[in-house]
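# Observations on the three-dimensional arrangement
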Amino acid sequence: MQKGLFQYAFILFCRSRTALTGVLILLVSGIAGLYLGSTFINRQQAMIRKAAAMQPETTRRNIQYFGKELGTLLYHNRYTMADQPGNWAAFSNGQRDINPYIMSVSMLGLQGQLYDTDLSNPVTLLYGNIDLAFVFIFLFPLVIIAFTYNLWSAEKESGVWRLLHPHAERPAGILLTKLLVRIVVVFAVAWLLLLIACLYLPLPADIRLLWVFLAVSSYLLFWFALSFFVTALGRSSDFNVATLIACWVGLNILAPALVNIIVSWKYPVPEALQTVVQQREGYHEKWDKDKQVTMTRFYQHYPQFRKYPFPQDAAFSWSWYYAMQQMGDDEAASGVAAMAAKLQQRQQFANNAALFLPGIQTTLRLNEIAGTDLQHHLDFQAALQQYHENIRLYFYPFIFKGSTVKDVDWNQFGITFFRKYSTEKCRQLLSVLLFTILLSCIAWRMLRRKLTTQ
């Protein structure tokens, strides 16, 4: 009986114009999001390949034009690190549209170069990028609302429920069957899009695929549970759709904006400007100080270079110049540490707030899996700082010894790629499942109580 009821409800639902339109919207938008997200990442990969090809050519040209003096050449020559996107980045672009993914540094002070980025069109940043993750987070809930808002109310408003209820052995089972049909249809579309993504991108069949599957499934179940809860209130279709749309706006638009406002207010980052100012002042003021003072502090930072002589009577020396650059970074170190701590606090606050906001939770976890979140960019910056330090430690001895350009292995530092992903906080997706279970249990009790009193 239940199997026949499910088949009848499934056929009836699939024949409706709402079902066909909703499924078509999800498929078209999902494939478009997959294509656009992949196109966005392909453009970045093309830029990275171009940067990798230009790195040795740029070094060769700098040697040609500035090769007479090593210090001058190192002043102009730059070394590149690229945040190489994985295939999952095309699934969820995250913050790759606002954070630089290619950064070039020279021997000069790092903090003055760390935040040099290309200018971006603010209108483009406002619109953002559409990817498959966007479709799952924003569009799937709207279709779920369209499928379920009148699950019970339409039957009551048309008078069918008044005739059906007295003769049904399990009235609640009828509503659950209709809900199950919609769950099956939506999940079939979702899993189909995931399969297409796995084949098109292509995506590796590893633990990340399992976490994405769990993240998407738990998020969709949450919206079905929320819709079931609103349906169980027994109100009109107009009330149901207005309530669910208000929930969608609140959870997916207002809540992220509010979290961003709170984060900016609670953890302001004035250290960003302060760091650049400290670095520049720390460097420029050294021109007016005794050279030995600068070199003494430099040797305190790098005692291994004390063995190299320093020409104190010289009007200018490249060893003293690059020591000034290093001291500028050292004097900005406190601001750098404070800013890094603030950014980590922002990330932690967002993760804590996401425990109560399924949309933010799912978005953060998808970005984390794809390696496109804020924490990934902070790790990229940390890797760039270590890369810059390695460059300095390699070239300092050549500068202090007065070596020529021919003494240096210029192939030592080509373009470096940063690759990293994490699933560390994916266990927080349990919060979405807990909300789903809680809403489902409350809705079921409400529905049973209302049906017994009719």
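Criteria and cut-off values
Residues numbered from 1 in each chain as written. Predicted model: local features only at pLDDT ≥ 70, side-chain atom pairs only at ≥ 80, totals over all residues. Heavy atoms only, no water. Helix = DSSP H or I, 4+ residues; strand = E, 2+ residues; numbered from the N terminus. Buried < 20%, exposed > 50% of the residue type's maximum accessible area, 1.4 Å probe, protein only. Contact = heavy atoms within 4.5 Å. Areas by Shrake-Rupley, 256 points an atom, 1.4 Å probe, with all protein chains shown as cover. Pairing = 2+ DSSP bridges. Axes fitted to C-alpha atoms, helices over the stretch in contact; angles between N-to-C directions. Polar contact = N/O pair within 3.5 Å; in protein donor to acceptor, adjacent residues only side chain to side chain. Parallel < 35°, antiparallel > 145°, perpendicular 65-115°, else oblique. Left-handed = near helix turned anticlockwise from the far one by under 90°. Nonpolar A, V, L, I, M, F, W, Y, C, P; charged D, E, K, R; others polar. Salt bridge = Lys/Arg side-chain N within 4 Å of Asp/Glu carboxyl O. Patch = residues over 30% accessible without salt bridge, like charges linked within 9 Å, V, L, I, M, F, W, Y side chains within 5 Å. Expected span 1.5 Å × (residues − 1). Core = buried A, V, L, I, M, F, W, Y, C linked by side-chain atoms within 4.5 Å. pLDDT = per-residue confidence, 0-100. Phe/Tyr/Trp six-rings, centres within 6.5 Å; stacked < 30°, edge-to-face > 60°.

### Overview of the overall build of the protein chain
In terms of helices and strands, the protein chain carries 18 helices and three strands. By the burial criterion, 48% of the 454 residues in the protein chain qualify as buried. In the protein chain, of all internal contacts separated by at least 6 residues, the share reaching a separation of at least 24 is 86%. By element, 62% of the accessible surface of the protein chain is carried by carbon and sulfur atoms, the whole surface being about 22800 Å².

### Comments concerning the sheet that holds strand 1 (residues 79-83)
The strand order across the open sheet formed by three strands is 2-1-3, and the pairing between neighbours is mixed. Strands with a single pairing partner mark the edges of an open sheet, and in this sheet they are strand 2 (102-105) and strand 3 (416-418). Here the strands of the sheet are splayed against their neighbours by 25° on average, with no regard to which way each runs. Sheet topology note: the strand 1/strand 3 ladder contains three bridges and is parallel. When the sheet's bridge partners are listed, Asp 83 is paired in strand 3 with Phe 418. Across the sheet, helix 2 (residues 17-66) touches strand 1, strand 2 and strand 3, and the angle it forms with strand 1 is around 160°. On top of the sheet, helix 17 (residues 374-401) reaches strand 1, strand 2 and strand 3; it is set at about 160° to strand 1, its chief contact.

### A look at the environment of Ser 153
Relative to the elements of secondary structure, Ser 153 occurs in helix 7 (residues 153-158). Taking C-alpha positions, Ser 153 is 5.5 Å from Ser 236, a pair spaced 83 residues apart along the chain. Apart from the residues lying within four places of it in its own chain, the contact partners of Ser 153 are Arg 235, Ser 236, Ser 237 and Asn 240. At a separation of 2.6 Å, a polar atom in the side chain of Ser 153 contacts the side chain of Ser 237.

### Some thoughts on the packing of helix 10 (residues 207-232) against helix 18 (residues 430-452)
Packed helices, taken two at a time, are described by the angle between their axes plus the distance between the axes. With their axes 8 Å apart at the nearest point, helix 10 and helix 18 run at an angle of 25° to one another. As far as their axial angle goes, helix 18 and helix 10 are roughly parallel. The two elements helix 10 and helix 18 cross, and the hand of that crossing is left-handed. Facing Ser 218, Tyr 219, Leu 221, Phe 222, Ala 225, Leu 226, Phe 228, Phe 229 and Ala 232 of helix 10, the residues of helix 18 in contact are Val 432, Leu 433, Phe 435, Thr 436, Leu 439, Ser 440, Ile 442, Ala 443, Trp 444, Met 446, Leu 447 and Lys 450. Grouping the amino acids of the contact of helix 10 with helix 18 by side-chain chemistry returns 17 nonpolar, three polar and one charged.

### Comments concerning the pattern of salt bridges
Applying the stated criterion to the full structure yields seven salt bridges. Between Lys 420 and Asp 379 there is a salt bridge, and its shortest N-O distance comes to 3.0 Å. Placement of Lys 420 in the loop between strand 3 and helix 18 and of Asp 379 in helix 17 is noted, with a sequence separation of 41 residues between them. What emerges from the salt-bridge pattern is a single network uniting Glu 57, Arg 60 and Arg 61.

### Some words on the pairing of strand 2
Because side chains alternate across strand 2, one face comprises the buried residues Met 103 and Val 105, and the other comprises Ile 102 and Ser 104, none of which is buried. Summarising the sheet, strand 1 and strand 2 pair through four bridges and their orientation is antiparallel. In the sheet register, Ala 82 faces strand 2, and the bridge partner there is Ile 102.

### Focus on a nonpolar patch on the surface
Together, Trp 191, Ile 207, Leu 210, Phe 213, Leu 214 and Tyr 421 make up an exposed nonpolar region whose accessible area comes to about 550 Å². By secondary structure assignment, the location of Ile 207 is in helix 10. Since its relative accessible area comes to 41%, Ile 207 is described here as partly exposed.

### Regarding unusual backbone geometry
Here the amide bond leading from Leu 201 into Pro 202 is cis, since omega sits at -20°, within 30 degrees of zero. Here Pro 202 is to be found in the loop between helix 9 (171-200) and helix 10.

### A closer look at helix 11 (residues 237-266)
Here helix 11 spans 41 Å end to end across 30 residues, near enough to the 44 Å set by a 1.5 Å rise per residue. Every buried residue belonging to helix 11 is among Ser 237, Asn 240, Leu 244, Trp 248, Leu 251, Asn 252, Ala 255, Val 259 and Val 263, and all of these are buried. Where helix 11 is buried, its residues meet helix 6 (132-148), helix 7, helix 10, helix 15 (333-354) and helix 16 (358-370).

### Focus: helix 14 (residues 318-331)
If you check helix 14, its first and last C-alpha atoms are 20 Å apart, about what 14 residues at 1.5 Å a residue would give, namely 20 Å. With 12 of its 14 residues buried, helix 14 lies for the most part within the structure. The set of residues buried in helix 14 consists of Trp 318, Ser 319, Trp 320, Tyr 321, Tyr 322, Ala 323, Met 324, Gln 325, Gln 326, Met 327, Gly 328 and Asp 329.

### Some points on the nonpolar core
With 78 residues, the main nonpolar core has Phe 91, Phe 136, Phe 140, Leu 220 and Trp 223 as its most contacted residues. With near-sequence residues (within four places) excluded, Phe 91 lies in contact with Asp 131, Leu 132, Ala 133, Phe 136, Leu 194, Ala 197, Leu 201, Val 212 and Leu 366.

### Description of the confidence of the model for the protein chain
Confidence in the prediction of the protein chain, expressed as mean pLDDT, is 87, and 89% of residues score 70 or more. Throughout residues 121-127 the model reports pLDDT below 50, and contacts reaching past four residues in sequence, or to other chains, amount to three contacts.

### Observations concerning the side chain of Thr 436
Topologically, Thr 436 is positioned in helix 18. The contact partners of Thr 436, leaving out residues within four places of it in the chain, are Ser 218, Leu 221, Phe 222 and Ala 225.

### Quick notes on the packing of aromatic side chains
Within this structure, the stated rule accounts for 40 aromatic pairs. Look at Phe 6 and Phe 10: their rings are 6.2 Å apart centre to centre, the planes differ by 20°, and that puts the pair in the stacked class. Placement of the pair is Phe 6 and Phe 10 together in helix 1 (residues 2-14), with a separation of four residues, close to one helical turn. Classification of Phe 10 by relative accessible area gives partly exposed; the value is 31%. Taking the centre distance of 5.4 Å and the plane angle of 55° together, the rings of Tyr 394 and Phe 398 count as tilted.

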